[in-house]
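Descriptive structure summary
Residue strings, one per chain:
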Amino acid sequence: MVAYRFLARLGKLIGLVVAFVVITPGIALACPIGINGTANPNATVCAKDGSGKTWCAKADGSGNFNIIAAVVPPSTGTGCLPPSGTFLVFDIACPDCGKNQDHFVVKGQNLPVDVKCGCGSGKGLTWRLNSTNTTTGTIDVGCGHSSNANECNPHTGDAMCATKLPILCFKPAQLPVPANVNNSDQYHKWSGGIVATTPTVAGNSTSNPDLTTITKADSHCAQLFGPGWRVAEFHDGWGWYFQAYGGVGDPTKRFWIHINDQPNATCWQP
């Protein structure tokens, strides 16, 4: 009788374990890998793949999270997080803080991701319209100088990447120097190209448009203005300023540009 009761209880216990596995597949036993990191306490954090599917989890009271399955809204994926691929990891309350995370499986571990709101603390480089030459239809754009100081910082950036500003786009064209353009100042060299500005956008935008790399930012310019367009770069003249054909949408706004040799002064990495 004792043996029978013991076996009965053991059977019920096994049944509960099996039921747990069946009812909650992928949460504790069936999902061997996840993406972990830190977010704001109790935040909902999602990993989005290239097709737009998301696997979401909730951070604990200290902000630690581990996304292993689609367990909380707004998940659109199913089951376990795929064991490999490239995911955009973000806090749904501040998606522009998201980071592109290569989801490598190395001994069951992943590189931790920081997606706390406010994580977009990096700075990028901005310029402004400096002058307009109405005779030639050219403009001079650059850092700006006032109160005996430069208005931009090509070493550490000067505007938070979360700030919404236009992007200065540029098309190299090897156009000759117009007759009425002064090309003698090395800081205001003729670029041989054409400029235009995009609508305002956060420098660290992760979707619509995706600006998570300089390649993607260049593609945004090309999508708006055509083949051959890219983000303007600090050295498209000699440095600090350059002259070009074209114009800017709002002459009162500063705009994002790229600098290719100062990684701490740009919102866009390779």
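Residues numbered from 1 in each chain as written. Predicted model: local features only at pLDDT ≥ 70, side-chain atom pairs only at ≥ 80, totals over all residues. Heavy atoms only, no water.

1. Looking at the overall build of the chain
The helix and strand tally for the chain stands at 2 helices and 19 strands. Burial statistics for the chain: of 270 residues in total, 41% are counted as buried. Within the chain, counting contacts between residues at least 6 apart in sequence, those at least 24 apart form 66% of the total. Split by element, the accessible area of the chain, about 14000 Å² in all, is 58% carbon and sulfur. (Helix = DSSP H or I, 4+ residues; strand = E, 2+ residues; numbered from the N terminus. Buried < 20%, exposed > 50% of the residue type's maximum accessible area, 1.4 Å probe, protein only. Contact = heavy atoms within 4.5 Å. Areas by Shrake-Rupley, 256 points an atom, 1.4 Å probe, with all protein chains shown as cover.)

2. Examining the nonpolar core
Counting 20 residues, the largest nonpolar core has Trp 127, Val 141, Leu 168, Phe 242 and Ile 257 as its most contacted members. Among the secondary structure elements, those contributing two or more residues to this core are strand 8 (123-133), strand 9 (138-142), strand 14 (168-172), strand 18 (241-246) and strand 19 (255-257). Filtering out sequence-adjacent residues up to four positions away, Val 141 remains in contact with Trp 127, Arg 128, Leu 129, Asn 130, Leu 168, Trp 240, Tyr 241, Phe 242 and Phe 255. (Core = buried A, V, L, I, M, F, W, Y, C linked by side-chain atoms within 4.5 Å.)

3. Quick look at the pattern of salt bridges
Applying the stated criterion across every chain yields a total of 4 salt bridges. Arg 254 is paired through a salt bridge with Glu 151; the nearest N and O atoms lie 3.1 Å apart. Separated by 103 residues along the polypeptide, Arg 254 in the loop between strand 18 and strand 19 and Glu 151 in the loop between strand 11 (149-150) and strand 12 (159-160) bring together distant segments of the chain. With a closest N to O distance of 2.8 Å, Asp 236 and Arg 230 form a salt bridge. The network of salt bridges with common partners includes Arg 128, Glu 151 and Arg 254. (Salt bridge = Lys/Arg side-chain N within 4 Å of Asp/Glu carboxyl O.)

4. A word on the side chain of Asp 236
Here Asp 236 lies in the loop between strand 17 (230-231) and strand 18. A distance of 2.8 Å separates a polar atom in the side chain of Asp 236 from a polar atom in the side chain of Arg 230. Side-chain polar atoms of Asp 236 contact the backbone nitrogen of Glu 233, separated by 2.7 Å. With residues near it in sequence (within four places) discarded, Asp 236 still touches Phe 170, Ser 191, Arg 230 and Phe 242. (Polar contact = N/O pair within 3.5 Å; in protein donor to acceptor, adjacent residues only side chain to side chain.)

5. Section: the environment of Trp 240
The topology assignment puts Trp 240 in the loop between strand 17 and strand 18. Taking the C-alpha atoms as reference points, Trp 240 and Tyr 187, separated by 53 residues in sequence, lie 6.1 Å from one another. Once you skip the residues sitting within four places of it in the chain, Trp 240 turns out to touch Trp 127, Val 141, Gly 142, Cys 143, Asn 150, Cys 152, Pro 154, Tyr 187 and Phe 234.

6. Some details on the state of the cysteines
Applying the stated criterion across every chain, the model contains 5 disulfides. Residue Cys 143 pairs covalently with Cys 152 via a disulfide, S to S 2.2 Å. On the S-S bond that ties Cys 143 to Cys 152, the torsion sits near -120°, and the link is left-handed. Neither residue differs from the other here; Cys 143 and Cys 152 are each classed as buried. Bridging Cys 169 to Cys 221, the disulfide has an S-S length of 2.0 Å. Disulfide Cys 169-Cys 221: the torsion about the S-S bond is -75°, which places it as left-handed. (Disulfide = S-S within 2.5 Å.)

7. Overview of the pairing of strand 5 (residues 85-91)
Of all 7 residues making up strand 5, 5 are buried, and the element is well covered by its neighbours. Summarising the sheet, strand 2 (residues 44-48) and strand 5 pair through 4 bridges and their orientation is antiparallel. Residue pairing across strands places Cys 46 opposite Phe 90, the latter belonging to strand 5. (Pairing = 2+ DSSP bridges.)

8. Some points on unusual backbone geometry
Omega for the bond connecting Pro 73 with Pro 74 falls within 30 degrees of zero, at 5°, which places this linkage in the cis form. Tracing the backbone shows Pro 74 in the loop between strand 4 (64-67) and strand 5. Cis geometry is found at the peptide bond from Asn 208 to Pro 209, where omega equals 5°. Relative to the helices and strands, Pro 209 resides in the loop between strand 16 (201-202) and helix 2 (214-225). If you check the backbone angles, Ser 147 has positive phi at about 50° while not being a glycine. Assignment of secondary structure puts Asn 208 in the loop between strand 16 and helix 2.

9. Describing the side chain of Thr 136
Note that Thr 136 resides in the loop between strand 8 and strand 9. Reaching out from Thr 136, the side chain makes a polar contact with the side chain of Thr 138 at a distance of 2.6 Å.

As far as function goes, none of this settles anything; it's purely spatial.
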